[in-house]
Amino acid sequence: FIDEGMAEASTIVYFERIRGEAAADLHRIVNLSNSYAFQYALGGDSVVNQPTDAFGDPGAYFASVYSKAGLGFDALRVEIGDDAFFAGLSDYTATHRFDVAAPDDLRAAFEDASGEDLAAFWRGWFETAGDRITVTVEIDVAATGTPAAATPDATPTG
């Protein structure tokens, strides 16, 4: 989940810096929140940090490892700030280059960089599942009565 989730979170950073916040928000909504909300509606939440074969189906795997993890890393960046987030990543890659690293190693790098205990945050996004999600859908109905495109947002709340 670290590879795929971080790739998705990095895509958000790319869009913010190169194409602007609106493009980053669109990626969050279309590629991450929608996937996560859809899977949540079908089968509930899943633990992200688990073996690949422990996921019930490919949809749960994708929504968890790519979407939920990407949203989790994006939320972590907001939680600890860009400076600590990127310092933690830099330390993690320098320390574990050409090595086998575990998720706790990445969490520790973020904790060292931020000076914060991130155990509860990490557990809520990556190690537990449950009823911690809010799904909001806004639908605008034109004068003709035809709904416009919906804007779903799936955000874990715990």
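On a predicted model such as this, the values are computed, not experimentally measured, just so you know.

Chemist: Would you mind going over the pattern of salt bridges in detail, with residue names and values included?
Modeler: With the rule as written, the count across this model stands at 11 salt bridges. Where R77 meets E16, a salt bridge forms, and the shortest distance between an N and an O atom there is 2.8 Å. You can see R77 sitting in helix α3 (residues 58-80) and its partner E16 sitting in helix α1 (residues 2-19), a full 61 residues away along the chain. A relative accessible area of 7% places R77 in the buried class. A salt bridge links D82 to R17; its shortest N-O distance comes to 3.9 Å. With D82 in helix α4 (residues 82-96) and R17 in helix α1, the pair connects residues that are 65 residues apart, well separated along the chain. Classification of D82 as partly exposed rests on a relative accessible area of 33%. Its relative accessible area of 55% is what places R17 among the exposed residues. One connected set of salt bridges, linked through shared partners, spans E16, R17, E21, D25, R28, D74, R77 and D82.

Chemist: Tell me about the packing of aromatic side chains, residues and numbers included.
Modeler: Counted by the stated rule, this structure contains 13 aromatic pairs. Taking 6.4 Å as the distance between ring centres and 80° as the angle between the ring planes, the aromatic pair formed by Y61 and Y66 counts as edge-to-face. Y66 sits in the partly exposed class, given a relative accessible area of 22%. Ring centres 5.3 Å apart and planes at 85° place the aromatic pair F85 and F86 in the edge-to-face group. On the basis of relative accessible area, F85 is assigned to the buried category, the value being 3%. Judged by its relative accessible area of 28%, F86 is partly exposed.

Chemist: Which residues make up the side chain of H27, and what are the values?
Modeler: Residue position: H27 is located in helix α2 (residues 21-43). One polar contact links H27 to E8, side chain to side chain, over a distance of 3.0 Å. Non-local contacts of H27, meaning those with residues more than four positions away in its chain, are made with E8, T11, I12, F15 and L32.

Calculation criteria
- Residues numbered from 1 in each chain as written.
- Predicted model: local features only at pLDDT ≥ 70, side-chain atom pairs only at ≥ 80, totals over all residues.
- Heavy atoms only, no water.
- Salt bridge = Lys/Arg side-chain N within 4 Å of Asp/Glu carboxyl O.
- Helix = DSSP H or I, 4+ residues; strand = E, 2+ residues; numbered from the N terminus.
- Buried < 20%, exposed > 50% of the residue type's maximum accessible area, 1.4 Å probe, protein only.
- Phe/Tyr/Trp six-rings, centres within 6.5 Å; stacked < 30°, edge-to-face > 60°.
- Polar contact = N/O pair within 3.5 Å; in protein donor to acceptor, adjacent residues only side chain to side chain.
- Contact = heavy atoms within 4.5 Å.

Everything listed is a geometric property; what it means functionally is a separate question.
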